[in-house]
Amino acid sequence: MASGLVALLDDVAVIARAAAASLDDVGLGVAKAGSKAAGVVIDDAAVTPGYVTDFTPERELPIIWKIAKGSLFNKLVILLPIALLLSAFLPWAITPILMIGGAYLAFEGAEKVIEKLGGAHHGETLEEPVQDVAAFEQGRVSGAIRTDLILSAEIMAIALAEVADNSLVARAVALALVGVIITAGVYGAVALIVKMDDIGLHLAKKQGHGTQAFGRMLVNGMPKVLTVLASVGTLAMLWVGGGIILHGLEELGVPAPAHLAHGFQHWLAVLGGPVGGVLGWLGYAVASAVVGLVLGAVIAVVVHLIAKARGAAH
């Protein structure tokens, strides 16, 4: 009996050590994946406020909550199973699928640039009469969730690459944790950014000259911050989309465009001296954005020509 109990305790200890090692692998994978995906996370946080800022204050947080739930659905229900299945059976398909998503982001970003340059607006805005407010809001939410799907796919692909050597269960747990943590971080930050003017208004009514001055600064400054974020969000679509295309071409055996962009990055890094790392990163982002803008503009022209031809046919 004693020897049997000892053997049982030994088995339990082995299982516990294996579980602890697995948890260590998951934790390390989450940390590595999160740090590698930081750039895309920042892009996601910059893009999202543009889908919310035109609405009345009482609708801002409910809309962000809808988008956050859609983002979790994207990551955990759609992308997680697909990522695991592709990594197990069709790893070669991941790059082309990501490139399709990158092309979509480039198209979205190019559309916004065309609109800013005086092109026709596609769809309603709150600056114009809205026939159905509920449908308009749902359209905005759906658009945000579609864009999130592409950015989330890039995040999950980066995360998957960092935990590719782990077991299937460890990969699944790590990807799920990355999805939940990043979604909470991104949309928590977006909610804080969007409601900062309301916080400022509350502080402006408090006692104390310093508190009131800080509150007024937030109220006066947040519209400018949101305007800047809208522009950053457009640029983010272009540089993330272009970056996905450059990396995908390199993976598919067409390395010249990516080599040119990396060469430009390296040249700026050397030229920048102490700030060379930042300057090089900016250079690669600009090169990616140019690729995204050119590709997106071409897609936009083709899409609108097709739409025009269909309209003429009817």
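Structure shown above.
Here is what the cut-offs are and how they apply
Each chain has its residues counted from 1, following the order in which its sequence is written. Reporting of local features is limited, given that this is a predicted model, to residues whose pLDDT is at least 70; pairs of side-chain atoms are given and counted only at 80 or more, and all residues count toward the totals for whole chains, interfaces and linings. Side-chain descriptors were evaluated using all non-hydrogen atoms of the structure, hydrogens and water having been removed beforehand. Only DSSP runs of H or I with at least four residues qualify as helices, and only runs of E with at least two residues qualify as strands; both kinds are numbered from the N terminus onward. Only protein chains enter the calculation, and the probe is 1.4 Å; a residue is then buried if its accessible area is under 20% of its type maximum, exposed if over 50%, and partly exposed in between. We call two residues in contact whenever any of their non-hydrogen atoms come within 4.5 Å of each other. For the accessible areas, the method is Shrake-Rupley and the probe is 1.4 Å, while residue cover comes only from the protein chains on display. Pairing of aromatic side chains here covers Phe, Tyr and the six-membered ring of Trp, requires ring centres within 6.5 Å, and sorts the geometry by plane angle: under 30 degrees stacked, over 60 edge-to-face, intermediate tilted. In a helix, the anticipated span is given by 1.5 Å times the number of residues less one. Within this analysis, the arc is defined by the directions that extend from the helix axis to the C-beta atoms. Patch definition: residues above 30% relative accessible area lacking any salt bridge, with like charges linked at up to 9 Å and the nonpolar side chains Val, Leu, Ile, Met, Phe, Trp and Tyr linked at up to 5 Å. A side-chain nitrogen of Lys or Arg and a carboxyl oxygen of Asp or Glu constitute a salt bridge if their distance falls within 4 Å.

### Considering the overall build of the chain
Turning to step 1, where the next piece is worked out: Tallying secondary structure elements over the chain gives 10 helices and 0 strands in all.
Turning to step 2, where the next piece is worked out: The helix and strand sequence of the chain, counted from the amino end, reads α-α-α-α-α-α-α-α-α-α.
Turning to step 3, where the next piece is worked out: Burial statistics for the chain: of 314 residues in total, 38% are counted as buried.
Turning to step 4, where the next piece is worked out: In the chain, once contacts between residues fewer than 6 apart in sequence are set aside, the share between residues at least 24 apart is 74%.
Turning to step 5, where the next piece is worked out: Working note: accessible area of the chain is about 17,200 Å², and carbon and sulfur atoms make up 72% of it.

### A few points about the packing of aromatic side chains
When we look at a pair of aromatic rings, we describe it by the centre distance and by the angle of the planes.
Turning to step 1, where the next piece is worked out: Inspection of every chain in the model, using the stated rule, returns 2 aromatic pairs.
Turning to step 2, where the next piece is worked out: For the ring pair W239 and W281, a centre distance of 6.0 Å and an interplane angle of 80° mean the geometry is edge-to-face. Here the residue W239 occupies a position in helix α8 (residues 209-251), and W281 occupies one in helix α10 (residues 276-313), the gap between them amounting to 42 residues.
Turning to step 3, where the next piece is worked out: On the numbers, 6.3 Å between centres and 20° between planes, the contact of F264 with W267 is stacked.

### Here we look at helix α9 (residues 256-272)
In an α-helix, one turn spans 3.6 residues; hence positions three or four apart end up facing the same way.
Turning to step 1, where the next piece is worked out: Along its 17 residues, α9 runs 24 Å from first to last C-alpha, staying within 8% of the 24 Å computed at 1.5 Å per residue.
Turning to step 2, where the next piece is worked out: Three or more residues of α9 are buried, namely A258, A261, L268 and G272. Buried residues of α9 fall within an arc of 95° about the axis and therefore sit on the same side. Opposite its buried face, α9 presents the exposed residues L260, H266, W267, V270 and L271, each directed more than 90 degrees away.
Turning to step 3, where the next piece is worked out: G273 sits one or two positions beyond α9 and adopts a positive phi of about 60°.

### So, a nonpolar patch on the surface
Turning to step 1, where the next piece is worked out: Judged by side-chain polarity, V286, V290, V294, V298, V302 and I306 come together as a nonpolar surface patch covering roughly 500 Å² of accessible area.
Turning to step 2, where the next piece is worked out: Secondary-structure assignment places V302 in helix α10.

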